[in-house]
Protein chains: 2
Amino acid sequence: MVSNTQIIFSKIPTTFPEVGEHMTIKHDTIDLEAELPENHYIVKTLTLSVDPYMRGRMRAAGTKSYSPAFDLDKPMAGHTVGVIVKSNNDKFKVDDIVYGIGHFAEYTHVPAQLAFLFTPRNEARESGLPLSNYIGVLGMPGMTAYVGLIKFGKPKKGETLYVSAASGAVGQLVGQIGKVLGLHVVGSAGSDEKVAYLKEIGFDGAFNYKTEDTNAKLTELCPNGIDIYFENVGGKMLENVINHSNNFGRIVCCGMISQYNTTNPEPIHNLIQIVSKRLRIEGFIVGEHPEMEADFRKDVTQWLKDGVIQYRETAAEGIESAPQALIDVLKGKNFGKQVVNIASL
Amino acid sequence: MVSNTQIIFSKIPTTFPEVGEHMTIKHDTIDLEAELPENHYIVKTLTLSVDPYMRGRMRAAGTKSYSPAFDLDKPMAGHTVGVIVKSNNDKFKVDDIVYGIGHFAEYTHVPAQLAFLFTPRNEARESGLPLSNYIGVLGMPGMTAYVGLIKFGKPKKGETLYVSAASGAVGQLVGQIGKVLGLHVVGSAGSDEKVAYLKEIGFDGAFNYKTEDTNAKLTELCPNGIDIYFENVGGKMLENVINHSNNFGRIVCCGMISQYNTTNPEPIHNLIQIVSKRLRIEGFIVGEHPEMEADFRKDVTQWLKDGVIQYRETAAEGIESAPQALIDVLKGKNFGKQVVNIASL
Ligand SMILES: NC(=O)c1ccc[n+]([C@@H]2O[C@H](COP(=O)([O-])OP(=O)(O)OC[C@H]3O[C@@H](n4cnc5c(N)ncnc54)[C@H](OP(=O)(O)O)[C@@H]3O)[C@@H](O)[C@H]2O)c1
Ligand SMILES: NC(=O)c1ccc[n+]([C@@H]2O[C@H](COP(=O)([O-])OP(=O)(O)OC[C@H]3O[C@@H](n4cnc5c(N)ncnc54)[C@H](OP(=O)(O)O)[C@@H]3O)[C@@H](O)[C@H]2O)c1
């Protein structure tokens with residue numbers, strides 16, 4: 001028996017979740033000696049991703065959405081990189097590095113019918129890139145940036161791209177891909193340090209939306225108007241951006257994090273501009289665009305290796321820090337992709 | 001000299017325009033005997049279209065939009081069907097029936113550099129269809145229905161289409177094309193007579209949004225949710241429809257007439273569903289899709305001749321009734337396409 005501490009979804013939050021109330025730590029164990037049924041395997045979690053959408057899964061089971069509600073009193077789950085420590089499944093060998101949906105736990109016992117949740121990612125051993133990259137820039141958030149900007153933003157060289165939550169897991173990559181594609185790139189973020197980072201990684205303009213006037217800054221930094229808005233936050237920011245949008249502008253709705261932890265959503269008054277400016281406002285979910293995965297992995301791996309893009313992460317240490325790490329993301333305390341390191345190889 | 005009464009744009013309105021204040025009647029004359037300079041021609045107005053977008057042109061010259069502001073103290077203009085009464089232009093012969101942008105006036109003297117504003121439409125003489133059809137179901141509003149539903153709605157057989165302002169110039173055709181394409185079609189309108197008409201022309205469901213609860217009616221009449229919303233009104237209606245939209249729903253933003261005559265636009269609170277339902281909300285302007293014109297004319301002419309579609313119009317009589325006819329449209333007093341008959345052939 002070895003320790004298998006887990007994070008349990010223990011109560012549905014109405015606003016921000018709290019540690020010990022909505023997410024509780026359970027000290028459990030797992031038997032790594034027992035025989036595994038056919039096609040089962042056990043993954044030891046190495047690094048774990050906490051992401052804003054998880055807040056959406058902390059809801060009542062009856063409310064439908066694109067990703068299922070977490071089961072109450074069961075471990076939470078998310079994208080992880082792990083290593084196979086035991087396997088009775090031909091597709092997974094002991095010591096394989098895998099990527100997939102694992103428990104918020106030190107270990108995930110994967111039954112046969114869920115075996116598809118992980119895929120081997122052994123190239124991570126030789127790539128020279130940190131393992132955490134595989135849940136960030138090379139994982140779901142990276143793919144989100146790639147799909148959202150390219151497939152939905154339909155960027156044309158010389159256009160202006162504006163990104164909110166621009167220093168985050170998705171945003172920092174959106175902006176850097178924008179520069180690779182020859183766009184004028186502007187971003188906003190919630191602290192001066194984040195803004196400085198954006199300029200460092202090549203954004204043409206950046207501002208702190210908490211201390212500066214968004215309208216004035218958009219006028220200054222997007223003198224030709226906004227052609228593509230990569231929407232991560234929603235609410236008042238969206239209203240502001242619509243006022244600065246060009247004709248035929250694309251508003252790629254990736255997320256609206258400012259509205260996740262409130263029961264009073266912010267109103268928007270200027271949608272009439274959708275007609276007068278012929279805007280396209282469109283939502284997408286990354287998992288529904290697997291046809292772009294091969295190109296995404298090839299391009300982003302290359303850009304990372306070539307130093308064309310950089311990728312900032314904030315790491316929390318140990319499974320017990322996962323709940324707070326998620327809350328940090330929802331409150332904007334993360335700087336770059338928030339990961340939780342659980343164990344090393 | 002013959003009478004050439006005109007409607008002059010005389011003042012910029014802030015809410016609803018008024019006759020005699022923002023639109024004034026000017027009793028003028030035109031000389032039909034004088035020689036015309038090269039490539040000039042004169043159109044006698046037969047029937048005139050008044051359309052909601054004209055409210056948008058009654059603005060200050062400095063404010064940019066997709067269609068230019070009317071010039072203060074000059075005649076208003078819009079789609080007309082007319083007959084050439086004098087011409088020094090090879091492309092236009094006396095007695096040609098023409099369609100194009102003419103003055104709100106009994107006659108339009110078209111100078112060489114604006115000669116492109118009209119096109120001959122002599123088939124109107126033999127088609128057996130009323131001339132007014134050529135500014136309605138076979139004109140700009142008809143084309144709007146065709147382009148909006150087909151190109152932007154991307155309808156698939158069996159889907160649910162919901163149309164607001166459904167008995168109007170655009171809406172009644174949208175719904176009937178929806179039926180031709182095999183959709184479940186629901187509409188709303190502002191009076192019980194309009195609702196009865198919608199059922200008569202084949203809508204599967206219809207309701208009076210002024211006397212019934214929109215939410216309850218959408219639940220009842222769109223039991224499988226809404227796949228395509230043909231948006232004509234905006235405001236609270238849009239918010240309601242988003243709540244009833246299916247995943248991957250298309251909201252085709254044609255107009256938002258409920259917001260044209262107010263300085264207090266209605267707020268919308270539920271745009272977060274754009275992400276969770278992967279909605280596409282898109283605006284379009286009919287004039288930017290000329291590639292569909294040939295198909296539009298062919299299909300709609302055929303449907304009309306075959307009796308597959310019907311098209312209701314409300315006619316005002318005489319140029320002096322044009323201002324009130326426009327106000328009627330903005331206030332929902334028209335029933336079907338509002339036209340103004342100026343003269344007969
Ligand atoms: N559609 C998809 O498939 C998909 C996939 C992944 C992510 N997403 C969405 O993409 C967005 C970014 O996700 P991420 O993983 O890259 O997270 P992230 O940006 O790394 O972290 C979230 C950031 O959002 C900002 N934020 C938090 N509360 C805010 C508020 N009230 N107003 C404005 N900004 C606020 C904070 O940055 P500041 O300090 O700059 O405020 C915070 O650091 C989220 O909306 C997420 O739901 C969508
Ligand atoms: N994008 C384009 O290229 C394009 C081209 C043409 C038209 N349009 C737009 O399409 C829409 C319909 O135009 P149309 O020519 O077919 O006009 P219409 O429907 O024949 O006439 C306007 C109708 O709008 C409804 N209405 C008026 N005020 C309203 C309010 N406050 N709330 C809800 N409904 C109201 C009324 O019908 P009820 O009695 O049912 O309320 C009225 O009869 C308009 O928004 C127009 O601007 C766009």
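Note that the structure is predicted; figures quoted are calculated from it, not measured.

J.: Provide a residue-level description of the packing of aromatic side chains, including the pertinent values.
T.: Residues and elements named next belong to chain A. Counting across every chain of the model gives 18 aromatic pairs over all chains. On the numbers, 6.2 Å between centres and 80 degrees between planes, the contact of Tyr 41 with Phe 118 is edge-to-face. Remark: Phe 118 occurs in strand β9 (residues 118–120) and Tyr 41 occurs in strand β5 (residues 41–49); sequence separation between them is 77 residues. Of the two residues, Tyr 41 and Phe 118, neither departs from the other in class, the shared state being buried. Within the aromatic cluster, the residues linked to one another by ring pairs are Tyr 41, Phe 92 and Phe 118. Directly above the aromatic system of Phe 16 lies the positively charged group of Lys 331, at a separation of 4.9 Å from the ring centroid.

J.: Residue-level account of the relation of the copies chain B and chain A, with values.
T.: Mapping chain B onto chain A leaves a residual RMSD of 0.0 Å; the transformation is a rotation of 180 degrees accompanied by 0.0 Å of translation along its axis. Such values leave the two copies arranged in the relation of a two-fold axis. Of the residues that chain B buries at the interface, 100% are likewise interface residues in chain A, meaning the two copies contact each other through the same surface.

J.: Go over the packing of helix α3 (residues 140–152) of chain A against helix α9 (residues 293–305) of chain A with me, naming the residues and quoting the values.
T.: All names here are of chain A. Running from amino to carboxyl end, α3 crosses α9 at an angle of 105 degrees, the nearest separation of the two axes being 10 Å. Judged by the angle between their axes, α3 and α9 are roughly perpendicular. When α3 is examined against α9, the residues Gly 142, Met 143 and Tyr 146 are found in contact with a partner set consisting of Glu 293, Asp 295, Phe 296, Asp 299, Val 300 and Trp 303. Considered class by class, the residues forming the contact of α3 with α9 number 5 nonpolar, 1 polar and 3 charged.

J.: Could you give me a rundown of empty space enclosed by the protein, with the residues and numbers involved?
T.: For the coordinates displayed, the defined rule picks out 1 cavity of 30 Å³ or more. Volume-wise, the largest cavity comes out at about 70 Å³. Contributing to the lining of the largest cavity are Ile 268, His 269, Leu 271 and Ile 272 of chain A together with Gly 235, Leu 238, Met 256, Gln 259, Pro 265, Glu 266 and Ile 268 of chain B. Of the residues contributing to the lining of the largest cavity, the split by class is 7 nonpolar, 3 polar and 1 charged.

J.: If you had to explain the site of ligand 1 to someone new, which residues and values would you point to?
T.: Residues and elements named next belong to chain A. Val 170, Lys 194, Tyr 209, Tyr 260 and Asn 334 are the nearest of the 26 residues found near ligand 1. A distance of 2.8 Å is found between an oxygen atom of ligand 1 and a backbone nitrogen or oxygen belonging to Val 286. Out of a free accessible area of 900 Å², ligand 1 has 91% covered by protein chains. When contributions to the shell around ligand 1 are tallied by element, the ones reaching two or more residues are α3 and α10 (322–331). When grouped by side-chain class, the residues that make up the shell around ligand 1 number 17 nonpolar, 8 polar and 1 charged.

Conventions adopted
- Residues numbered from 1 in each chain as written.
- Chains lettered and ligands numbered in written order.
- Predicted model: local features only at pLDDT ≥ 70, side-chain atom pairs only at ≥ 80, totals over all residues.
- Heavy atoms only, no water.
- Phe/Tyr/Trp six-rings, centres within 6.5 Å; stacked < 30°, edge-to-face > 60°.
- Helix = DSSP H or I, 4+ residues; strand = E, 2+ residues; numbered from the N terminus.
- Buried < 20%, exposed > 50% of the residue type's maximum accessible area, 1.4 Å probe, protein only.
- Lys NZ or Arg CZ within 6 Å of the ring centre and 35° of its normal.
- Least-squares fit on C-alpha atoms with pLDDT ≥ 70 in both.
- Contact = heavy atoms within 4.5 Å.
- Axes fitted to C-alpha atoms, helices over the stretch in contact; angles between N-to-C directions.
- Parallel < 35°, antiparallel > 145°, perpendicular 65-115°, else oblique.
- Nonpolar A, V, L, I, M, F, W, Y, C, P; charged D, E, K, R; others polar.
- 1 Å grid on protein atoms, 1.4 Å probe; cavity = no way out; pocket = protein on both sides within 12 Å on 5 of 7 lines; lining within 4 Å.
- Points joined across faces, edges and corners; volume = space filled by probe spheres on them.
- Near = heavy atom within 4 Å.
- Polar contact = N/O pair within 3.5 Å; in protein donor to acceptor, adjacent residues only side chain to side chain.
- Areas by Shrake-Rupley, 256 points an atom, 1.4 Å probe, with all protein chains shown as cover.

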